[in-house]
Number of protein chains: 2
Amino acid sequence: MQILHTLDEMHKLVSAARRGGKSIGLVPTMGFFHAGHLSLMQQARKDNDLVVVSVFVNPTQFGPSEDFKTYPRDMDHDARLAESVGVDVIFNPSPEEMYPEGYSTYVEVERFSKGLCGASRPGHFRGVATVCLKLMNITGPDRAYFGMKDYQQLRVVQRMAADLNLCVQIVPMPIFREPDGLAMSSRNTYLNPAERRAALILKKALEYAQRLIDEGVTSADELRIRVVEFISTEPLAQIDYVEAVDPDTLDCIKTLDHNAVLALAVKIGNTRLIDNTILKV
Amino acid sequence: MQILHTLDEMHKLVSAARRGGKSIGLVPTMGFFHAGHLSLMQQARKDNDLVVVSVFVNPTQFGPSEDFKTYPRDMDHDARLAESVGVDVIFNPSPEEMYPEGYSTYVEVERFSKGLCGASRPGHFRGVATVCLKLMNITGPDRAYFGMKDYQQLRVVQRMAADLNLCVQIVPMPIFREPDGLAMSSRNTYLNPAERRAALILKKALEYAQRLIDEGVTSADELRIRVVEFISTEPLAQIDYVEAVDPDTLDCIKTLDHNAVLALAVKIGNTRLIDNTILKV
């Protein structure tokens, strides 16, 4: 497995692969791999001749008071894990390589970036869309893999790829969970033992919402209010949002008469966690 | 020569050309060709195996009170001219093909879009950058050709291509002028005979500015003021802007101690014309 740091190196490698008629799979990540990341790499390994994993903690998707500096990083460990699942290349550029002096270009996926995490993290999806477009232009993938835990990110990237006529298939991958149900996230390492236990409230709230649907609740407002009450029973939890949205448009839903995504963002102590599920109506 | 209207048709044609190892040149236009357009096509013909010319009056780069509806169109004439200089394919999509229902993605080249035409045409360069990126993604060119009359557009596209890591060479092409000096533009057809004569003030103002430099003027403010006075001698002319800017950054210049672009936008009657020159210091 190779670890490349520059655009030039990547360009040479990708051009050679293309000339050789090889298909390319890209897994864009911020590193600090867990089993969720590895499941994306394994799928990419099955589908493509060349598997590229980018490891880049992207400064433009963090707000000024967010955790860019403290976001966990462990390149040696990541490299061993990636190699163990058959990744061919890690692309690990510096911020200066990605955003040189005078950098000026940003991509906005307007309608999909405003609600949910976009409301509490202004500029976040502008940074996500921009870096994903750059990484796809650099690596020229046939397929790019995104986890469904970041559901809004997935929809932003899918919409961008369609709107900008990119020749890449965006492959959504299911949420990976710890045995007790907590959605895997590199940010879970921020949790102390009490917070780790409290964090289960997210998954439990999603299950509670499905039970409410099964019991006949059809008002999205009622669902929202009862899920908020449910989460509020956990003293360490502070809700950012609880929303039922259309799976395609991410527009808020009023009546639960077709499948919806229930999306949560909850702070546990100082750690902001997200989770979601597709409610079966 | 083929005229294609859909993304599917273009995708098939471009994929086949790529597989055959052919190089592709793109000339993005809004149609109603003049000799300036043809010079871009001729250069593209020299440099590439396959020459694609897009003809698309792009709604997203026009303001609500601008001339989108009245912008001149003549596809039959354009097709004959393009064929006469050896173009292989005209890509002529509908607005619905380019911006289907739910379209949400826009590209901003922030620093380069604010001054000059960006100040009087808010959103214009967002539309230009977005459609150029889409057209380049659709046609996958090795080279794309842009006239220097739209100097700010050229810099916006160059900056976008560099920032977004596009594998395309942006080729700047010199301004084409009528025998009396008027820069060629599809909008020149809006001018009545008196306005057509008055429109020469733009080119004369650029020559006047160079004479001022040659006579030792070094203050960009003085140059600006004297060029404004010069243009104001033409009763049909109404100045939008006169600016001396850095050729790379488009930042306003205070002292003319290195080469600068002098850029003008002037309304002649109801027709807004632009022109520019690189001042030799």
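Residues numbered from 1 in each chain as written. Chains lettered and ligands numbered in written order. Predicted model: local features only at pLDDT ≥ 70, side-chain atom pairs only at ≥ 80, totals over all residues.

Undergrad: What's the story with the overall build of chain A in this structure? I'm lost.
TA: In terms of helices and strands, chain A carries ten helices and ten strands. For chain A, whose C-alpha radius of gyration is 19 Å, the value lies close to the compact-globule estimate of 19 Å for 281 residues. By the burial criterion, 40% of the 281 residues in chain A qualify as buried. The long-range share in chain A, meaning contacts at least 24 apart out of those at least 6 apart in sequence, stands at 70%. (Helix = DSSP H or I, 4+ residues; strand = E, 2+ residues; numbered from the N terminus. Rg over C-alpha atoms; globule rule 2.2 N^0.38 Å. Buried ≥ 20, exposed ≤ 12 C-beta atoms within 10 Å, placed from the backbone. Contact = placed C-beta atoms within 7 Å.)

Undergrad: What am I meant to see in the sheet that holds strand β8 (residues 237-245) of chain A here?
TA: Paired through their backbone hydrogen bonds, the strands of a sheet run either parallel or antiparallel. All names here are of chain A. Reading across the sheet, the three strands line up as β8-β9-β10 and stay open at both edges, with antiparallel pairing between neighbours. Where the open sheet ends on each side, the last strands, each with one partner, are β8 and β10 (271-279). Each strand of the sheet is rotated relative to its neighbour by a mean of 15 degrees, with strand direction disregarded. Direction of pairing for β8 relative to strand β9 (residues 260-268): antiparallel, over a ladder of eight bridges. (Pairing = 2+ DSSP bridges. Axes fitted to C-alpha atoms, helices over the stretch in contact; angles between N-to-C directions.)

Undergrad: Would you mind going over the packing of helix α9 (residues 200-214) of chain A against helix α10 (residues 220-232) of chain A with me for this structure?
TA: The angle between the axes and the distance between the axes are what describe a pair of packed helices. Residues and elements named next belong to chain A. Where α9 contacts α10, the axes come no closer than 10 Å and their chain directions differ by 145 degrees. The handedness of the crossing between α9 and α10 comes out as right-handed. On α10, the residues touching Ile201, Ala205, Tyr208, Ala209 and Leu212 of α9 are Leu223, Arg226, Val227, Phe230 and Ile231. Counted by class, the contact of α9 with α10 contains nine nonpolar, no polar and one charged residues. (Left-handed = near helix turned anticlockwise from the far one by under 90°. Nonpolar A, V, L, I, M, F, W, Y, C, P; charged D, E, K, R; others polar.)

Undergrad: Which parts of the structure should I look at to understand the interface of chain B and chain A?
TA: By a frequent convention, interface size equals the accessible area lost on bringing the separate parts together. Each partner contributes to the interface: chain B provides 21 residues, whereas chain A provides 21 residues. Among the secondary structure elements, those contributing two or more residues to the side of chain B that touches chain A are β5 (105-109), α6 (124-139) and α7 (151-163) of chain B. The biggest single contributor to the side of chain B that touches chain A is β5(B), with five residues. Grouping the constituent residues of the side of chain B that touches chain A by class yields eleven nonpolar, four polar and six charged. Judged from the five bridges that link them, strand β5 (residues 105-109) of chain A and β5(B) form a sheet pairing that is antiparallel. Across the sheet, residue A:Tyr106 finds its bridge partner in β5(B), namely B:Glu108.

Undergrad: I would appreciate a short explanation of the relation of the copies chain B and chain A in the present structure.
TA: The pair of chain copies shares a relation made of a rotation about an axis and a shift along it. The two copies are related by a screw motion: chain B maps onto chain A through a turn of 180 degrees and a shift of 0.0 Å along the axis, at an RMSD of 0.0 Å. This pairing of chains is accounted for by a two-fold axis. Taking the C-alpha atom as reference, chain B places B:Val107 closest to the rotation axis, 2.3 Å from it. Take the interface residues of chain B: 100% of them recur as interface residues in chain A, which is what a same-surface contact looks like. (Least-squares fit on C-alpha atoms with pLDDT ≥ 70 in both.)

Undergrad: Explain the nonpolar core to me, please; I cannot follow it from the model alone.
TA: A general feature of soluble globular proteins is that nonpolar side chains tend to end up buried together. If you look at the biggest cluster of nonpolar residues, it comprises 147 residues, and the most contacted ones within it are A:Val53, A:Ala129, A:Met160, B:Val53, B:Ala129 and B:Met160. Residues in contact with B:Ala129, not counting those within four places in the same chain, are B:Val107, B:Glu108, B:Val109, B:Val156, B:Val157 and B:Met160. (Core = buried A, V, L, I, M, F, W, Y, C linked by C-beta atoms within 7 Å.)

Undergrad: Even after reading the chapter, I still don't get the pairing of strand β3 (residues 50-55) of chain B, so can you show me in this structure?
TA: Each regular strand shows side chains that alternate between the opposite faces of the sheet. All names here are of chain B. In terms of burial, β3 is a largely internal element, six of the six residues being buried. Covered by surrounding structure in β3 are Leu50, Val52 and Ser54 together with Val51, Val53 and Val55, the residues of both alternating faces. When strand β2 (residues 24-29) meets β3, the two strands line up parallel, connected through six bridges. Its bridge partner being in β3, glycine 25 is matched across the sheet by valine 51. Between the parallel elements β2 and β3, the chain passes through helix α2 (residues 35-47) in a crossover that is right-handed. Relative to strand β4 (residues 89-91), β3 is paired through three bridges, and the arrangement is parallel. Paired with valine 52 across the bridge in β4 is valine 89. Taking the sense of rotation as the criterion, the β-α-β connection linking β3, helix α3 (residues 75-84) and β4 turns out right-handed. (Right-handed = clockwise from strand over helix to strand, strands pointing away.)

Undergrad: Looking at this structure, I do not really get the confidence of the model for chain A. What am I missing?
TA: Any segment with low pLDDT has predicted coordinates that should not be analysed in fine detail. Model confidence for chain A is summarised by a mean pLDDT of 97, while 100% of its residues fall at 70 or above. Scored as a complex, the prediction yields pTM 0.96 and ipTM 0.95. (pLDDT = per-residue confidence, 0-100.)

Undergrad: What's the story with the sheet that holds strand β6 (residues 143-147) of chain B in this structure? I'm lost.
TA: Residues and elements named next belong to chain B. Pairing in this open sheet of six strands is parallel, and the strands run β1-β4-β3-β2-β6-β7 from one edge to the other. If you trace the sheet from one side to the other, it starts and ends with β1 (2-4) and β7 (169-173), each paired once. Each adjacent strand pair in this sheet contributes to an overall mean axis angle of 25 degrees, direction not counted. As paired elements, β6 and β7 share five bridges and run parallel to each other.

Undergrad: Got a minute to help me understand helix α1 (residues 7-19) of chain A in this structure?
TA: For an α-helix, the turn length of 3.6 residues means that residues three or four places apart are oriented alike. All names here are of chain A. Over its 13 residues, α1 extends 18 Å from the first C-alpha to the last, a length consistent with the 18 Å expected when each residue adds 1.5 Å. Residues of α1 that are buried include every one of Met10, Val14 and Ala17, and no others. Along the axis of α1, the buried positions cluster into a sector of 60 degrees, meaning they face one direction only. Structural note: α1 exposes Asp8, Lys12, Ser15, Ala16 and Arg19 on the side pointing more than 90 degrees away from its buried face. Among the structural elements, β1 (2-4), β2 (24-29), β3 (50-55), β4 (89-91) and α6 (124-139) are those in contact with the buried residues of α1. Immediately beyond the C-terminal end of α1, within one or two residues, lies glycine 21, with a positive phi of roughly 75 degrees. (Expected span 1.5 Å × (residues − 1). Arc of directions from axis to C-beta.)

Undergrad: I tried to follow the domain arrangement of chain A on my own but got confused; where do I start?
TA: All names here are of chain A. Under the domain assignment, chain A is made up of domain 1 (2-173) and domain 2 (186-274). Between domain 1 and domain 2, the C-alpha centre-to-centre distance is 27 Å. For the side of domain 1 that touches domain 2, the elements supplying multiple residues, two or more each, are α5 (117-120) and α7 (151-163). Considering each element in turn, the side of domain 1 that touches domain 2 owes the most residues, three residues, to α7. When the residues that make up the side of domain 1 that touches domain 2 are grouped by side-chain class, the tally is seven nonpolar, four polar and two charged. (Domains from an automatic or database assignment.)

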